[in-house]
Amino acid sequence: MEQKEAQTGVAVAIEGLTKDYDGVRAVDGLTLEIREAQIFGLLGPNGSGKTTTINCLTGLLKPTQGSVTVEGFDVQTQGREAREVMGVSPQETAVCGYLSGEENVRLFGELYSVPRGTLGTRVDYVLEKMGLTEEEGRRVSKYSGGMKRRVSIAMALVADPKVILLDEPTVGMDPQARRAVWDFVVELREKGKTIVLTTHYMEEAEELCDEVGIIDHGKLIALGSPSELKAQHGARDMEEVFIQLTGRRIREGA
Amino acid sequence: MNVRRALALAKKDWKRIFREPAFLFLIILFPVMLTVAFGVSFGAVGGGQPTSFAVGVVAQGGNSTSSTQFIQAMQATGALKVTPYTGNQSAQSALSQGQLQAVIILPSSFEEGVESFMAHPDTPSMWVNSTVSIYLDKGSPLTTQVIPAMVGEVLSKGVLGVGAATQALPFAVSAPSEVKVQGTTVFQSFAPGLFAFASIYMIMIVAQSYTTERESGLLGRLFVTPATSADIVMGSMVSYLVLGLFQGLLIFASVYALGYHPQTNVAGLLVGFVAITVFALCNIGFGLVTAALARSAGAATGLSFVFLMPQLFLGTFVGSALSSTASAAGKFLPAYYVTDALTSLWTRGASITSQTVLTDLAVVSASSLVILFVGIQVFKHSGGR
């Protein structure tokens, strides 16, 4: 199957994406284009459809309607090709507790067929970037929550993917670790990588993202750069934009 | 399928088994402890009480009045199901495949011996003396004690018509030297079943492994890498097959140390290990079905007993104290055929080309492959993500 001709500069194209669960519409006709070498923030309250969107992007969930292409590969019909260009750090840390940090990252390097000659170098590089070099030999079950998340990110990055999906990447991290992750994400963008991240930290979105999409009840309700959105809503920061758009009511669900 | 990915995943599973105490216990320590416990507890003759024994009779002198009388007297005991054989070879073949618990050889001079005794019951010098030989099933230790005694009883009372079995007779009842009556224990009859017994717990391990990885999100994460379902399942199969073989070797070393010495050659040992390894596929299949049906690791543990218990009780004690109903039910379970194959090969000394062994291997292989295929399909359909 051939790669679709990607629109110039578009890394991820979501068109009319709809996902229903047992009669409940989690994502409702989402259409979005994410440009290459951009950090795109997908924001929304709990249960708004962020993770469902990410799961449809990775191919883990099959859309009820619509399509998703990553680097020109249709996620449903060219799943393997799409997965080869994507690195994913899911919302759950999803690491092997019985393996060391180094073994976890190496395993994912093997799964992504990183050439054996460079695998060791790549593993060392991403572990160092995540500040885990000293702890790389310890079993991950002994790590703190923040360290596990950093291992999870290192696993997503070991194959040097073109598109990186980070679902709430800095949850549970201390300020130093969070800053290290931010710095690395910016470095990756400068290397031409496309990063899609979800977050509940508005300062993270403001600091990192070139463009932000806010979704609620499965629909895209705002799209633009943090400065554009702040200007549009006369807000001082992204948190104010977010509250204005999604309200003050506490939501349930993940 | 990508071999590098499958091997990387197999290595991951292998590390898990050796690093997580619960898995290590179930796969390695538990079988060894079980073997030692059985060895210590059943290292002496005793145990189950079969209600009847199947025996074959070979009359080397052909059918005669006395041999017919002997067979009728044997049947009249109610404890023996007697089948006459025309040749020793066919009777031995049936014995080695577990169809008989004993073969009794009436010597060619049997008729003369009986007639000489009847003519001169009080003059032993006039008797034509000979030996009634008995070949016993070494996989059924009770026979080694019961059958020689019963044959003596039948000869004295049923054929020669004397009141006491202790009275001098023209026949010696002997078990041939290759039958090590003294060395046969209940443990030796249980030993082949221990291999299947230990392997069956792989159902629980596989189910727990997949469900915990699914709960933690790791399984879903594997599915968003370039690894395919085939890579993931193949990785598990490789690790658990190697594990099954390793477990088999460990149990073999344990039972050997406890006195169970297989009566076979290298080929027989190899075929036995092939059966053990193939049976691991069946348990992987049941594990996948369990993982697909269970929504949590706790539920997987409970549900795995649905597949585990019938095989444990009906498939691992073949020929050892099972009722006829249980034995019949066991024939629907792959474990039954593994145990039967190992018993035939290693305990009874059956040839690797004997019908029973070939049938057992065919059934184990076919059923294991079918169960594995079903497991993979069910898991892919509803349990993988």
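Residues numbered from 1 in each chain as written. Chains lettered and ligands numbered in written order. Predicted model: local features only at pLDDT ≥ 70, side-chain atom pairs only at ≥ 80, totals over all residues.

Some details on the nonpolar core
Counting residues in hydrophobic clusters, the biggest one holds 150 residues, and the most contacted among them are A154 and V158 of chain A together with I203, V206, A275 and V338 of chain B. For this core, the element with the highest residue contribution is helix α11 (residues 266-293) of chain B, accounting for 14 residues. Sequence-distant contacts of V338 of chain B, defined by excluding residues within four places in its chain, comprise F195, A196, A275, I276, F279 and V364 of chain B. Counting residues in hydrophobic clusters, the runner-up holds 35 residues, among them F70, W127, M150 and V159 of chain B. (Core = buried A, V, L, I, M, F, W, Y, C linked by C-beta atoms within 7 Å. Buried ≥ 20, exposed ≤ 12 C-beta atoms within 10 Å, placed from the backbone. Helix = DSSP H or I, 4+ residues; strand = E, 2+ residues; numbered from the N terminus. Contact = placed C-beta atoms within 7 Å.)

Points about the environment of K19 of chain A
All names here are of chain A. Tracing the sequence through the fold places K19 in strand β1 (residues 10-21). Look at K19 and you get buried, because 22 C-beta atoms sit within 10 Å. For the pair K19 and L61, spaced 42 residues apart in the sequence, the C-alpha separation amounts to 8.5 Å. In this structure, K19 is in contact with A26, V27, T52, C56, L61, P63 and T64, ignoring residues within four places of it in sequence.

A word on unusual backbone geometry
All names here are of chain A. Even without a glycine there, the phi angle at E71 is positive, about 50°. With respect to the helices and strands, E71 occurs in the loop between β4 (65-70) and β5 (73-74). Taking the C-beta count within 10 Å as the criterion, E71 has 22 such neighbours and is therefore assigned buried. Look at S113: it is not a glycine, yet its phi comes out positive at around 55°. By secondary structure assignment, the location of S113 is in the loop between α3 (101-111) and α4 (116-129).

With respect to the packing of helix α1 (residues 3-19) of chain B against helix α2 (residues 21-41) of chain B
Residue and element names in this part refer to chain B. Axis separation between α1 and α2 bottoms out at 5 Å; the angle between their running directions is 90°. The angle between α1 and α2 falls in the class roughly perpendicular. For the pair formed by α1 and α2, the contact residues are R16, I17 and F18 on the first element and F23, L24 and I27 on the second. Taken together, the residues that form the contact of α1 with α2 break down as five nonpolar, no polar and one charged. (Axes fitted to C-alpha atoms, helices over the stretch in contact; angles between N-to-C directions. Parallel < 35°, antiparallel > 145°, perpendicular 65-115°, else oblique. Nonpolar A, V, L, I, M, F, W, Y, C, P; charged D, E, K, R; others polar.)

Brief notes about the domain arrangement of chain B
Taken as a whole, chain B is organised into domain 1 (3-43 + 185-383) and domain 2 (53-182). Distance from the C-alpha centre of domain 1 of chain B to the C-alpha centre of domain 2 of chain B: 42 Å. (Domains from an automatic or database assignment.)

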